[in-house]
Amino acid sequence: MEYPKALKTSTHHAVCFTARPIVELKQRDKSKIESILAYGDRVLVGLNTGSLRIYRVNEPSEDAESARNGDQHDEQAAEPTTPKLKPADLLREEEKFSRRPVQQLAIIKEANILVSLSDNHVSIHDLQTYALQDKLEKTRGATAFAAASNIVKDPDTGIPSIVSSLAVAVKRKILLWTWQDGESTGEPSEVTLVASVKSLTWATATKIVAGTDPGFFIVDVESQEVKDINKPGGVGDTTGQAGTRFGAVSSSGMSYMGMGGWVPKPLATRLGEGEMLLAKDVNSLFIDTDGNAIEKRQVPWPSAPEYIAYSYPYMLALQPPAKGGLEVRNPDTLNLLQTIALPNANFVHVPQPNISLAHAGKGFLVASDRCIWRMGAQNYESQIDELVLNGRYDEAVSLLNMLEDTLLLDKEGRVREIMMLKAQGLFIMRKYREAMELFADAKAPPARVVAMYPKVIAGKLAAAESVKEDEPEAGLEETNGDKSHAETTDERPATATTVSTPVRSRMMGRFLASQKEKDSDTASIRSQTKDDAAESSAAKAKKVEAEQDRALEGDDLKVAVRALPLFLTQCRVQIKQYIDTDGKLRKPLPDPNDSQASEDYRPPWANFIQDDSPPAQIDWAARLLEVAQLVDTTLFRAYMLATPSLAGPLFRLPNFCDPDVVNEKLYETGRYADLIDFLHGKRLHRHALELLEKFGKNEADEEVSSALQGPQRTVGYLQQLPPEMIDLILEFAEWPLRTDPDLGMDIFLADTENAETLPRQQVLDFLQGIDVRLAVKYLEHIVEELNDLTPDFHQRLIDLFLERLKAGDFEDEGEKERWRDRLQTFLKTSANYNKARVLKQLPPEDPNYFESRAIVLSKMGQHKQALRIYVFQLKDYAKAEEYCNQTYLSTPQPISGTKSFTPSSALPASVDPEDAEPSIYHVLLSLYLAPPPPHQPNWPPALDLLSKHGARLPASTTLELVPPTLPVKELESYFHGRIRNANSVMNEERIVARLRAVEKAEVEASVLLGEGKVDAHGRRVPGGMNRRVVIDEDRHCAVCHKRFGGSAIRVYPDNSVVHSGCLRGSMGRKTTTTSGWR
C-alpha cells in the first residue's frame, strides 16, 4: 500500500503542522509498527515481530520542500541532476531484539540505555549496540512505563545533578528505578494503588500521575503518598459528583458493561509549565502538578481520543481512524486550529523536550501500523499571519501570549496590532463600546481610531483610511468555503509585519463572518456536511455585510460617538504624563549626539504615534503634540455631538483643543460663555476681550445672555490676567471705567496678586488720563492699603489733592470739605513727600490751607511756626494743645529716674531732670504770654495750660514768663503739679536703691554658696566658693593624665581638675574662661 507524498489537511483557518511520511513499510513486508522512539536524527521502530529497526531521518532539501508546498508548478521542468533524497534511511535492524511485539520504547541518555516493554516485561538494552543488558524480573506483568530526566539540586550541598527516573506499572504496583548522573541508585521502590495501573505520566521530578479504571491518582515517589485527583465542585452543582475522583465509573458508565466490558483508557499529558491534561472517554480535566483541579471548561472533542499529547505550544489529540485524524488545539482557548487526516494513525510520539528550551519538542511523530509521519511545525510568524488573515484574532493573541519572546520578531507589536484589528472588526459590527475598550487596552494610535469616524468627528482624518470597497469581497471569500481559503492561503505572503489596507479589509470580512457563526467544532463539522446550512450562512453573511456597509449617521453615529470618549479620555490622561499644554516635554529626550543614545530609541509614548519612518527621523516631541491636539479636539467634537454638557469641563481646564474648531463650534451653538472660558484657557485673551466688549456693549447681532451684558464679565476677565499683559489690560479697561467707574476700579483695587503687582506708574498715568478722582483713589489704595513708600506716589497724591481743591470742581461744600480732610489726614500720616515743595504749594493767606501749612511745618520740625498758625491765625487753642500733646509724646524725653536705673547723680541734686531744656508746652506758653506784636497776651488759655501740663513746664523758664502782678493763687494748680512730679522722682529713686540692695545680696549668696543644686538623694550640693573637690589616687590631670600627688591644682567651674602648671596648656582645650578658677 502506497501513501501520498503530501497529505491534505482539513484546517480551521490555520496551518500549524504539515505531515511528511518518513517511514513506509513495503507491501511485501508483513510487519506492523508497534512503537517508535525519536532522539537526535534517529528513529527507533519496534515491530510486532519483536524486531527493532533503526532509521536515520534526512532533512528535506529546499527544492523538495518548495515543491511539496506547491511553489513549483512547471510540470515540464527538467529532472534534477542529483538523485532524490529519501526521507529516512534504514541503518540496521535487530531481528532478535525481542520474542514478542515491542510495545513501548524509551531512552535514558545519561545512563546510555534503551528501555523497552515487550512480553509484559521491561528490559534494559545498550543504547549503542542495542544488546540486552538486563531483563527486570520484577516487572513481570508490566503494562506501561514512563521515563524522565530532570536536573535536581542536592538539598545539602546545592550541587545540581541529572536524575533519571523509570516508573513501571505492574498491575496495582508502581516500581521506580532511579539513576543519578548515569549511575543506578540500587533496588527499586514500590507504591501500591487500589487498582491496576493503565497509564503513567510524569508531572514533576518527584510526582507521577497514574491512570486506572477507577480514576486518576497522583503519587509522590519520595514520600510514597497517593492522592486522588478529584473533579472540581462548581457553584450550584446538583449532580452530586462534585469532589469525586475524576475518571471513576459512575452510573452513566454502566453503559461500558454492554460493550463487552470495554472501559476507555485513561490518558494524561503535560502541557505548559505547571499544568497537565487528563482525559477519559470524552471527559477532560486540567490539573496543576499537585493534582488540584483547574477551573477550565471541557475540551470539546467530538469523540473519545485515542491518544493525547503536547507539542509546544499546542495540544494534540489523535481521534480514532474512522472518525477523524490528528486534532491540533489551542490549550488556552481549547479551540480547534487544525485537523490533519492521517490514515489509520493510532499513536503519537513527542520526543522528550530539551531541559532548557520549552519549544524544543515542536517536531513530533505520528504512526500507524504501516507508516510514520513526521509533523513539521510551520513558522510561528506565518501561523499568526494565517490566523489574523482569517479573522481569528483571539486565537492569534492567545498563541502570541503562549510563545516565548525570543521566537518572534516583535511579540508586543504583533499582539497590539491584532488587538487593534479585532477592535476595528467590533466597530464595524456596531459594537462600539467593546471596540473602544479593546483599542484602549492595545494603546492604539488615536489617529487610527479617529479615522473610522465620519468627517464631523474625524475632520481631515476621515478620508485617511477607507476599507468599505474591499469588505464585500472579503465576505464573499469567506462564504466560498475551502476553495476561497486555499486561494487566499496561496496568495498570502510568507511573513507580514505590517498589514496593508486590502489585506486588513479581508481580515475584517473574515472576522465579521466568524463572529456571526461561532468557531465551535460541532458547527464546523455540520458546515462541512450540510450544504444547505452553508448557503443559509452565506446569505446571512451577505445581509450582515449590507447592514454594516450602511453609513455611520443619525442615532447610530451618536451611539458610536458616545463610546469614543472611553478611548480618548484614557489617551488624554496618558499623554499628559509626558507633555504640558504649552508643548514642552515633562522629561527631555536623550541627546541624539549622545553616544549612549540608540538610533532605534523610541520614547514611552511611541505607541500613540502612527508613523512607519525610522525612529531617528521622527520628531517625537512635535508628533506627540499633534496627537495631543487630535485627542482633545476629537473629544470636544464628540462631546458637542453626543453629550454637549460634558464639553464645558474639557475646555475650562488646560487642554490641547484646536482653537479654530472650538471657536467655530461654540459660536454656532451660541455657547458664548463657554467660548470665553476656552479662549482664556488657550490664552487667546484679545479675542476673548473683543467678544466680551462686543457682548457687553450689546453690539452683537446675536442674542446673548444677561450675564454677558455690561462690564461685569470684562472686569472679572481682566482681573485674571497677569501683570505682564498690562498693555492689553489698559486697552480693554477703559470702557468699563467710563461705563461704571466703581466696578471698573476693581481691576486695579481687587485684593488679588495680579492687581497688587501691576506696574503702578503705568496704571496711574492711565487712570489720570481718564479722571483725576480715579487716580486719587488708586494712589490712596497703594499708599494706605498696600503701604507703598515710594516718594513720587506720595508727592503725586498731594499734588492731585491740591489740583482738585484749587480747581473747585465739587458738587457741594460738603464734598470739598471731605477732600480737604483727606489731604490733611494724608499730610499727617505720610512722611515720604517733599515738605518744602508742598509748603510752597499751599497758599499762605488762604484760610482753607492754614491747618495744612501747620501740619507741613510740624513735619519739618518748625513747631513754633506751626503753633503760631493755630494760636494767631486759626485761634483754635484746643488744637494747639492737642498738637503739643502729640509732639511731646513723639519726642524723646530727658533722662529721669522713672525711665531707667541710672543714679540720680547724673544731674545735680537741686535740679529737676525735666528742667534741663524747655518743652513744646513752654513754646506754646510763650506764645500766649509773650506774643509777638501786634498780638496781646492771652491769659485764659495760658492759665489752663499751666494747670493741665504744669509738670511738663520747667519752673525756671516758666516763672520768668509770669508777670509779677499775677496773683500766686492763679498759679496754685501749677505748683501742685510741679511738687507732685518732684516727689515722684525722689520716691522712685528710693525704691530703685532698695531693689538694688536685694539684688546685690542674692548675687553675693550665689557666689559664696552656689546655686543651690540638689543631688539624686535630695541632698544639697555645695557650690560657689563653698564647693569641694576630692583628690584621690585614681584621679588624673585632665591635661597631662598624671596623678596629682602633692602638686598644686586648679579646678574648673565644672569641677574638672588640672595641675597648676598644666593650666596654660589646658586653656586651648577648655572653653571656660579663667574667671572660673580659684
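The structure presented is a predicted model; accordingly, all values stated were derived computationally and were not measured. (Residues numbered from 1 in each chain as written. Predicted model: local features only at pLDDT ≥ 70, side-chain atom pairs only at ≥ 80, totals over all residues. Heavy atoms only, no water.)

A look at the overall build of the chain
At step 1: Regarding its fold elements, the chain presents 36 helices and 31 strands.
At step 2: Looking at the chain as a whole, 43% of its 1078 residues qualify as buried.
At step 3: Taking all contacts inside the chain whose residues are at least 6 apart in sequence as the whole, residues at least 24 apart take part in 55%.
At step 4: Here the chain displays about 57200 Å² of accessible surface, and carbon together with sulfur accounts for 50% of that area. (Helix = DSSP H or I, 4+ residues; strand = E, 2+ residues; numbered from the N terminus. Buried < 20%, exposed > 50% of the residue type's maximum accessible area, 1.4 Å probe, protein only. Contact = heavy atoms within 4.5 Å. Areas by Shrake-Rupley, 256 points an atom, 1.4 Å probe, with all protein chains shown as cover.)

Examining the sheet that holds strand E5 (residues 52-57)
The strands making up a sheet associate through backbone hydrogen bonding, with each pair oriented either parallel or antiparallel.
At step 1: Strand order in this open sheet of four strands is E3-E4-E5-E6, and the pairing throughout is antiparallel. The sheet is open, and its two borders are formed by strand E3 (33-39) and strand E6 (88-94), each paired with just one other strand. Between one strand axis and the next, the sheet turns through 20 degrees on average, direction left out of account.
At step 2: With six bridges connecting them, E5 and E6 associate as antiparallel partners. Within E6, the position partnered with Arg-56 by the bridge is Asp-89. (Pairing = 2+ DSSP bridges. Axes fitted to C-alpha atoms, helices over the stretch in contact; angles between N-to-C directions.)

So, the packing of helix H2 (residues 380-389) against helix H3 (residues 393-402)
At step 1: The N-to-C vectors of H2 and H3 enclose an angle of 160 degrees; their axes lie 7 Å apart at closest approach. Looking at the two axes, H2 sits roughly antiparallel to H3. Considering the relative orientation of H2 and H3, their crossing is left-handed. Taking contact as the criterion, the partners of Gln-383, Ile-384, Leu-387 and Val-388 in H2 are, on H3, Tyr-393, Glu-395, Ala-396, Leu-399 and Leu-400.
At step 2: Partitioned by chemical class, the residues of the contact of H2 with H3 number seven nonpolar, one polar and one charged. (Parallel < 35°, antiparallel > 145°, perpendicular 65-115°, else oblique. Left-handed = near helix turned anticlockwise from the far one by under 90°. Nonpolar A, V, L, I, M, F, W, Y, C, P; charged D, E, K, R; others polar.)

A word on the packing of aromatic side chains
At step 1: For the structure on display, the rule yields 16 aromatic pairs.
At step 2: Centroid distance Phe-748 to Phe-766: 6.4 Å. Interplanar angle 55 degrees. Geometry classified as tilted. Note that Phe-748 is positioned in helix H22 (residues 746-749) and Phe-766 in helix H24 (residues 760-770), a separation of 18 residues in sequence. Per residue, the accessibility class of Phe-748 equals that of Phe-766, and both read buried.
At step 3: With a centroid separation of 5.6 Å and an interplanar angle of 55 degrees, the aromatic rings of Tyr-888 and Tyr-921 are classed as tilted. Linking Tyr-888 in helix H31 (residues 877-890) with Tyr-921 in helix H32 (residues 920-929), this pair joins segments that are 33 residues apart in sequence.
At step 4: Judged by relative accessible area, which is 0%, Tyr-921 ranks as buried.
At step 5: Among the aromatic side chains, those forming a connected cluster through ring pairs are Phe-17, Tyr-314 and Phe-364.
At step 6: Here the guanidinium or amino end of Lys-296 rests over the ring plane of Phe-286, the centre of that ring lying 4.6 Å away.
At step 7: In this structure, Lys-835 is placed above the aromatic ring of Tyr-833, and the distance from its NZ or CZ to the ring centre is 5.4 Å. (Phe/Tyr/Trp six-rings, centres within 6.5 Å; stacked < 30°, edge-to-face > 60°. Lys NZ or Arg CZ within 6 Å of the ring centre and 35° of its normal.)

Remarks on the pattern of salt bridges
At step 1: Using the criterion set out here, one finds 41 salt bridges in the structure.
At step 2: Across the pair Arg-773 and Asp-771 runs a salt bridge whose closest N-O atoms are separated by 2.9 Å.
At step 3: Between Arg-822 and Glu-780 there is a salt bridge, and its shortest N-O distance comes to 2.9 Å. Residue Arg-822 is found in helix H27 (residues 813-829), and its partner Glu-780 is found in helix H25 (residues 772-785); the two are separated by 42 residues along the sequence.
At step 4: Judged by its relative accessible area of 29%, Arg-822 falls in the partly exposed class.
At step 5: Judged by its relative accessible area of 15%, Glu-780 is buried.
At step 6: Bridged by salt links that share partners, the residues Asp-29, Arg-53 and Glu-93 form one connected network. (Salt bridge = Lys/Arg side-chain N within 4 Å of Asp/Glu carboxyl O.)

Considerations on the pairing of strand E4 (residues 42-47)
At step 1: Of all the six residues making up E4, five are buried; the element is thus mostly covered by neighbouring parts of the structure.
At step 2: Strand direction decides the pairing type here: E3 and E4, joined by six bridges, are antiparallel. Bridge pairing in E4 links Ile-36 to Val-45.
At step 3: Two successive antiparallel strands, E3 and E4, enclose a turn made up of two residues, where Gly-40 displays a positive phi of approximately 65 degrees.

Here we look at the sheet that holds strand E16 (residues 197-202)
At step 1: Taking strand neighbours across the sheet as the criterion, the four strands line up as E16-E17-E18-E19 in an open arrangement whose pairing is antiparallel. Edge positions in the sheet fall to E16 and strand E19 (225-228), since each has one partner strand and no second. The sheet shows a mean angle of 25 degrees between the axes of neighbouring strands, taken without regard to direction.
At step 2: Across five bridges, the pairing between E16 and strand E17 (residues 207-212) is antiparallel. In the sheet register, Val-197 faces E17, and the bridge partner there is Thr-212.

Quick word on helix H13 (residues 554-575)
At step 1: Taking 1.5 Å of rise per residue, the 22 residues of H13 would be expected to cover 32 Å, and the 31 Å separating its terminal C-alpha atoms lies within 8% of that figure.
At step 2: Tucked inside the fold, the buried residues of H13 contact helix H5 (432-442), helix H6 (446-450), helix H7 (455-458), helix H14 (620-642) and helix H15 (647-652). (Expected span 1.5 Å × (residues − 1).)

Some thoughts on a negative patch on the surface
At step 1: A cluster of acidic residues, Asp-658, Asp-660, Glu-664 and Glu-668, forms a negative patch at the surface.
At step 2: Along the chain, Asp-660 turns up in helix H16 (residues 659-668).
At step 3: According to the relative accessible area criterion, Asp-660 is exposed, its value standing at 59%. (Patch = residues over 30% accessible without salt bridge, like charges linked within 9 Å, V, L, I, M, F, W, Y side chains within 5 Å. Lys, Arg positive; Asp, Glu negative; His and termini not counted. Charge placed at Lys NZ, Arg CZ, Asp CG, Glu CD.)

Some thoughts on unusual backbone geometry
At step 1: In this model, Tyr-312 is joined to Pro-313 through a cis peptide bond whose omega is 0 degrees.
At step 2: Locating Pro-313 in the fold gives a position in the loop between strand E23 (307-311) and strand E24 (314-318).
At step 3: Across the junction of Pro-933 and Pro-934, the peptide omega takes the value 10 degrees, indicating a cis bond.
At step 4: Along the chain, Pro-934 falls in the loop between H32 and helix H33 (939-949).
At step 5: With a phi angle near 60 degrees, Asn-120 is a residue other than glycine that sits in the positive phi range.
At step 6: A relative accessible area of 41% places Asn-120 in the partly exposed class.
At step 7: If you check the backbone angles, Lys-875 has positive phi at about 55 degrees while not being a glycine.
At step 8: The topology assignment puts Lys-875 in the loop between helix H30 (863-873) and H31.

Focus: the environment of Ala-707
At step 1: Within the secondary structure, Ala-707 sits in the loop between helix H18 (685-696) and helix H19 (712-719).
At step 2: A relative accessible area of 54% places Ala-707 in the exposed class.
At step 3: A sequence separation of 11 residues divides Ala-707 from Gly-696, and the C-alpha atoms of the two residues are 9.0 Å apart.

Quick look at the packing of H24 against H25
At step 1: Taken N-terminus to C-terminus, the directions of H24 and H25 make an angle of 150 degrees; their axes are 6 Å apart at the nearest point. In terms of orientation, H24 and H25 fall into the roughly antiparallel class. Of H25, the residues touching H24 (which contributes Arg-760, Val-763, Leu-764, Leu-767, Gln-768 and Ile-770) are Val-772, Leu-774, Ala-775, Tyr-778, Leu-779 and Ile-782.
At step 2: Among the residues making up the contact of H24 with H25, the classes are represented as 10 nonpolar, one polar and one charged.

Details of a nonpolar patch on the surface
At step 1: A cluster of nonpolar side chains, Val-1003, Val-1007, Leu-1008, Leu-1009 and Met-1025, forms an exposed patch at the surface whose accessible area comes to about 470 Å².
At step 2: As for its placement among the helices and strands, Met-1025 is situated in the loop between helix H35 (972-1009) and strand E30 (1049-1051).

Observations regarding the side chain of Asp-126
At step 1: By secondary structure assignment, the location of Asp-126 is in strand E9 (residues 121-126).
At step 2: At 7.9 Å, Arg-92 is the nearest oppositely charged side chain to Asp-126, a buried residue that forms no salt bridge.
At step 3: A polar side-chain atom of Asp-126 sits 2.8 Å from the main-chain amide nitrogen of Gln-128.
At step 4: For Asp-126, the contacting residues outside a window of four places in its chain are Asn-112, Ala-131 and Gln-133. (Polar contact = N/O pair within 3.5 Å; in protein donor to acceptor, adjacent residues only side chain to side chain.)

Brief notes about the confidence of the model for the chain
At step 1: Averaged over all residues, the pLDDT of the chain is 79; the fraction at 70 or higher stands at 80%.
At step 2: Across residues 354-361, where pLDDT falls below 50, the model places 11 contacts with residues more than four positions away in sequence or in other chains. (pLDDT = per-residue confidence, 0-100.)

Some thoughts on the pairing of strand E21 (residues 275-280)
At step 1: Among the six residues in E21, six count as buried, and that is most of the element.
At step 2: Once strand E20 (residues 267-270) ends, the chain turns through four residues before running back antiparallel as E21, passing Gly-274 with a positive phi of about 75 degrees.
At step 3: When E21 meets strand E22 (residues 283-288), the two strands line up antiparallel, connected through six bridges. Within E22, the residue paired with Leu-277 across the bridge is Phe-286.
At step 4: Taking the residues that link successive antiparallel strands as the turn, the E21-E22 hairpin has two residues, and the phi of Asp-281 there is positive, at about 60 degrees.

Some thoughts on the environment of Gly-46
At step 1: Structurally, the position occupied by Gly-46 is in strand E4.
At step 2: Residue Gly-46 is classed as buried on the basis of its relative accessible area, which comes to 0%.
At step 3: For the pair Gly-46 and Ser-31, spaced 15 residues apart in the sequence, the C-alpha separation amounts to 9.9 Å.
At step 4: Beyond its immediate sequence surroundings of up to four residues, Gly-46 is in contact with Lys-32, Ile-33, Glu-34, Ser-35, Ser-51, Leu-52, Val-102 and Leu-105.

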